[in-house]
Amino acid sequence: MRRTVAWVVGACSVVALAGVAAAVGQPAPRPVWSGTETSATGTPAPADRVETDPVLPGADRPASAPAGHDRAQPATGRDEHTSVPAGRDRIGTLKPVERVLGYLDGERSTTLHYPGADYVKVHFDRLLMLPGDHVTVASPDGTEVHRIDGDPVDGLVDALRGSPAGRWAMSVSGDTAVVTLHRARPDLLGLESRLAGLGVGIDRVAHGRTGADREAAAEPGPGAAGPGREESICGRNDSRDAICYRSSDPVAYQRSKAVARLLINGTELCTAWRLGATNRMMTNHHCFTSSDEAYQTEVWFNYQCASCGGYEVFRSTKVWGDQVLSTDRTLDYTLFTVEDFPAVEKFGYLELDLRRPTRGTELYIPQHPGGDPTVIAMSSDRDANGTCAVDNPSYDGYGTASDISYHCDTEGGSSGSPVISRSSNKVIALHHFGGCPNSGVRIDLIHERIRQHL
């Protein structure tokens, strides 16, 4: 079932904002929408092009979901009592909620507010509505609206069974979501109000960490990139906002547009990127492995700061993950598709460089560390010439000599990022491990497993 695509306001680095606020002794300003930059193809568009969008472990293991499959929580889904799988960084909090929007003298709208959170994601345990009625999850100003239409037949069957599957809505950026039940027509005879079983139930909410959550967590270090290996900043953090390269390296900047933030199960993070001109996306196997998991994953494009070191962000385009086409634990990749592919074609795509990398090959990595707007790791104080480069072209990952190593800075949430050659501006590895050196799986090895899907 296809969902409405919305363009939304995100939030520049929470860490950066918190640092500025501490420096001046007052709350940092909230980011505001700044328009949308897009590239129509994989070829870089002019650097000053700005468009405004209207608001709106087995090798090559396929995992398909049935057509029309709804966004119900999968049988293997996690809840607030389960831990994050190794390799996925947690950015949010999952909380139980008891709210009902009803037909029998019930409220028709409710507001969910979590001060300081950068997104709010609502889960419904009941969506039993009359034909023509629908529910929306929206930002307070109405610039982001996600609509869910009721299916009275399926809803009634679930209700009679006493085990409704439930459904996640697309997240709303910011710290407030307004959920509203919309009636298609008035109940002139008062008959429908007698149907006490009808209504919309909210049983839980996932949201980005609030200021209080971040203080309570007091995490001393970055998240895990894989079992026993941490994402790592090597020396000084030399990563910069992607927009900082718009003039100095416009090709690298445009390539960063093909990189997306993943929000998995409402609270977990990874990075992904478009592979080729068709509907193909790449991330790590340790991010997710099945179509059921992909179908619970939001893919955010254009989540980038609008100025170098600033707070404004471009509107993001959010789509749902869809089908997993191929996945492998040893090479730590997952190839998948997204719903509403036409909505994200404009952000361009990346191509593969199938030559085996050599020591000294200069690199850059567009990524979403900690779920922040896109940064590019290109400079490195650990490399002699100050630029990220291949340190060891035959580094051991999950397999012998399966990786290349480098000192490009990464953090939790960077898993699944493309490692790109500066000379060809094509992908030579899939980032997945830290430890200084950090490492990525050789793309020539991955290509052998996925070429039939490209």
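Reading guide: rules and limits
- Residues numbered from 1 in each chain as written.
- Predicted model: local features only at pLDDT ≥ 70, side-chain atom pairs only at ≥ 80, totals over all residues.
- Heavy atoms only, no water.
- Pairing = 2+ DSSP bridges.
- Helix = DSSP H or I, 4+ residues; strand = E, 2+ residues; numbered from the N terminus.
- Contact = heavy atoms within 4.5 Å.
- Axes fitted to C-alpha atoms, helices over the stretch in contact; angles between N-to-C directions.
- Core = buried A, V, L, I, M, F, W, Y, C linked by side-chain atoms within 4.5 Å.
- Buried < 20%, exposed > 50% of the residue type's maximum accessible area, 1.4 Å probe, protein only.
- Phe/Tyr/Trp six-rings, centres within 6.5 Å; stacked < 30°, edge-to-face > 60°.
- Lys NZ or Arg CZ within 6 Å of the ring centre and 35° of its normal.

### Brief notes about the sheet that holds strand S27 (residues 438-442)
Read across the sheet, 8 strands follow the order S14-S22-S21-S25-S26-S27-S24-S23 without closing on themselves; strand pairing throughout is antiparallel. Looking at which strands have only one partner, the edges of the open sheet turn out to be strand S14 (240-241) and strand S23 (392-395). Along the sheet, helix H6 (residues 443-450) contacts strand S26 (427-433) and S27; its crossing angle with S27, the most-contacted strand, is approximately 35 degrees.

### Side note on the nonpolar core
Grouped together as the largest cluster of nonpolar side chains are 29 residues, with contacts concentrated most on Trp-273, Leu-275, Met-282, Tyr-333, Val-427, Ile-446 and Ile-450. Elements supplying a minimum of two residues to this core: helix H4 (250-256), strand S20 (333-338), S26 and H6. Per element, the largest residue contribution to this core is 3 residues, and it comes from H6. If we ignore the near neighbours within four places in the chain, the residues touching Ile-450 are Leu-275, Met-282, Ser-326, Tyr-333 and Leu-335.

### Describing the packing of aromatic side chains
Given two aromatic rings, their pairing is described by the distance between the two centres and the angle made by the two planes. Scanning all chains against the criterion turns up 4 aromatic pairs. Relative to Phe-336, the ring of Phe-288 lies with its centre 5.0 Å away and its plane at 70 degrees, an arrangement referred to as edge-to-face. Separated by 48 residues along the polypeptide, Phe-288 in the loop between strand S17 (281-283) and helix H5 (291-294) and Phe-336 in strand S20 bring together distant segments of the chain. The same class applies to Phe-288 and to Phe-336, which are both buried. Between the aromatic rings of Phe-301 and Phe-347, the centroid separation amounts to 5.7 Å while the plane-to-plane angle is 5 degrees, which identifies the pairing as stacked. Linking Phe-301 in strand S18 (residues 297-301) with Phe-347 in the loop between S20 and strand S21 (363-367), this pair joins segments that are 46 residues apart in sequence. Accessibility expressed as a relative area gives 0% for Phe-301, which makes it buried. Of note, Arg-240 hangs over the ring of Tyr-245, and the distance from its end group to the ring centre comes to 5.6 Å. Geometry around Trp-300 places Arg-261 over its ring, the cationic atom sitting 4.4 Å from the centre.

### Focus on the pairing of strand S16 (residues 268-274)
A regular strand places its side chains on the two faces of the sheet in alternate fashion. Of all 7 residues that make up S16, 7 are buried, and the element is covered over most of its length. With 2 bridges joining them, strand S2 (residues 89-90) and S16 adopt antiparallel strand pairing. Residue pairing across strands places Arg-90 opposite Glu-268, the latter belonging to S16. In this sheet, S16 lies alongside strand S15 (residues 259-264) in antiparallel orientation, the contact comprising 6 bridges. In the strand pairing of S16, Val-259 is matched with Trp-273. Connecting S15 to the next strand, S16, in antiparallel fashion are 3 residues, including Asn-265 with a positive phi near 55 degrees.

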